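Each chain, written out:
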Amino acid sequence: MMKFSMNSLPTAKLAVVVLSSALIASGCSTINPYTNEEQTSKAATGSIIGAVAGAAIGVASSSKKDRGKGALIGAASGAAVGGGIGYYMDVQEAKLRQQLASTGVSVTRDGDNIVLNMPNEVTFAVDQTELNDGAKNVLNSVALVAKEYNKTQLNVLGYTDSSGSDSYNLRLSQVRAGEVGNYLTTKGVESARVSTRGMGKASPIASNNTAEGRAQNRRVEIVLTPTS
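Bear in mind the structure is a predicted one, so any value in this text is a computation, not a measurement.

> Looking at this structure, I do not really get the nonpolar core. What am I missing?
Nonpolar side chains in soluble globular proteins tend to end up buried together. L116, L154, V180, L184 and I222 are the most contacted members of the largest nonpolar core, which totals 30 residues. Among the elements of the structure, α3 (67-100), β4 (113-119), α5 (133-148), β5 (152-159), α6 (166-186) and β7 (219-226) are those that each provide at least two residues to this core. For this core, the leading source of residues is α5, giving 7 residues. Discounting chain neighbours no more than four positions away, the residues touching L154 are V142, A146, L184, V189, R193, V194, S195, I222, V223 and L224.

> Explain the sheet that holds β7 to me, please; I cannot follow it from the model alone.
If you walk across this open sheet you meet the 5 strands as β3-β4-β7-β5-β6, and the pairing is mixed. Bordering the open sheet on either side are β3 (106-110) and β6 (194-198), each of which pairs with just one other strand. Across the sheet, the axes of successive neighbouring strands diverge by a mean angle of 20 degrees, strand direction being ignored. Strand contacts of α5: β4, β5 and β7, with the helix running at about 165 degrees to β4, the strand carrying the most contacts.

> Could you clarify how one ought to interpret the environment of L224 in this entry?
With respect to the helices and strands, L224 occurs in strand β7. By relative accessible area, L224 is classed as buried at 1%. Those residues in contact with L224 that sit more than four places away from it in its chain are M89, Q92, L96, D112, N113, I114, L116, T152, Q153 and L154.

> Would you mind showing me how to read the pattern of salt bridges here?
For side chains of opposite charge, pairing can occur when their charged atoms come near one another. Applying the stated criterion to the full structure yields 8 salt bridges. The shortest N-O distance in the salt bridge between R97 and E93 comes to 3.1 Å. Here R97 pairs with E93, and both are found in helix α3, just 4 residues apart, close to one helical turn. Between D161 and R218 there is a salt bridge; the shortest N-O distance is 2.6 Å. With D161 in the loop between β5 and α6 and R218 in the loop between α7 (211-217) and β7, this pair connects stretches of sequence that are 57 residues apart. Side by side, D161 and R218 carry an identical accessibility label, which is buried.

> Before we go on, may I ask you to explain the pairing of β4 in this structure?
As a general feature of sheets, a regular strand has side chains that alternate between the two faces. Counting buried residues in β4 gives 6 out of 7 residues, a clear majority hidden from the surface. Pairing of β3 with β4 involves 5 bridges; the strand directions are antiparallel. In the sheet register, S106 faces β4, and the bridge partner there is N117. Adjacent in sequence and paired antiparallel, β3 and β4 are bridged by 2 residues, among which G111 carries a positive phi angle near 65 degrees. Sheet topology places β4 next to β7; 6 bridges connect them, and they run antiparallel. Across the sheet, P119 pairs through a bridge with R219, a residue of β7.

> Hey, could you run me through α5 in this one?
It helps to recall that an α-helix has 3.6 residues per turn; residues three or four apart then point in one direction. End to end, α5 covers 23 Å across 16 residues, agreeing with the expected 22 Å (1.5 Å per residue, within 8%). All buried positions along α5 are accounted for by A135, V138, L139, S141, V142, A143, V145 and A146. A side-chain oxygen of the first residue of α5 lies 3.1 Å from the backbone nitrogen of G134; this N-cap is N132.

> Sorry, what's going on with α6 here?
With 21 residues, α6 extends 30 Å between its outermost C-alpha atoms, agreeing within 8% with the 30 Å of an ideal straight helix rising 1.5 Å per residue. One or two steps after α6, the chain reaches G188, where phi turns positive at roughly 100 degrees.

Parameters at a glance
- Residues numbered from 1 in each chain as written.
- Predicted model: local features only at pLDDT ≥ 70, side-chain atom pairs only at ≥ 80, totals over all residues.
- Heavy atoms only, no water.
- Core = buried A, V, L, I, M, F, W, Y, C linked by side-chain atoms within 4.5 Å.
- Buried < 20%, exposed > 50% of the residue type's maximum accessible area, 1.4 Å probe, protein only.
- Helix = DSSP H or I, 4+ residues; strand = E, 2+ residues; numbered from the N terminus.
- Contact = heavy atoms within 4.5 Å.
- Pairing = 2+ DSSP bridges.
- Axes fitted to C-alpha atoms, helices over the stretch in contact; angles between N-to-C directions.
- Salt bridge = Lys/Arg side-chain N within 4 Å of Asp/Glu carboxyl O.
- Expected span 1.5 Å × (residues − 1).
- Polar contact = N/O pair within 3.5 Å; in protein donor to acceptor, adjacent residues only side chain to side chain.

What follows is the structure in structure tokens.
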């Protein structure tokens, strides 16, 4: 009888085994509760990336004899770590979408980051730096979720349109970002988890040549990133 050993697997076949295992372990796909469409879960994506990276490390750190074993051990560890972060951000994203529905704040995903786009009409009056009541209600919901999922950093970025001088816009965006960050800390989010930065007129998301476009560019973004 022929003896089977992982060490006898060619690299290509080993990669297939690793990827298949990662997909099975992470559930492969989920149903998006907002579109009712099937999609590859962030956890599955994280597991695949982690598995590939772990396998590579396992091969590199093992002797020639044990490379197959090292690849599988590394893949298993990488899949667990990658899938864990992806899943943690998945459930946090779902909770934020639930809390912020119909508020005018968009929730988007960028890899393992979650981006909350708060238009100026939701947060501040034109050329003002005092949070309105609607903004406070939104931030109350953000703080509620942030305290529950405390393994994330909240990066608050203020943006303006191109009207006015660069120095004025930078200062205005800094103050607005600071107001949002300070409010989150008053609602129980640890100050060490909150950073603020004014971006001025940088990174417009629409044309500054129209009133509608300038309104879109006046915004505060809260970018939630995993800390572990």
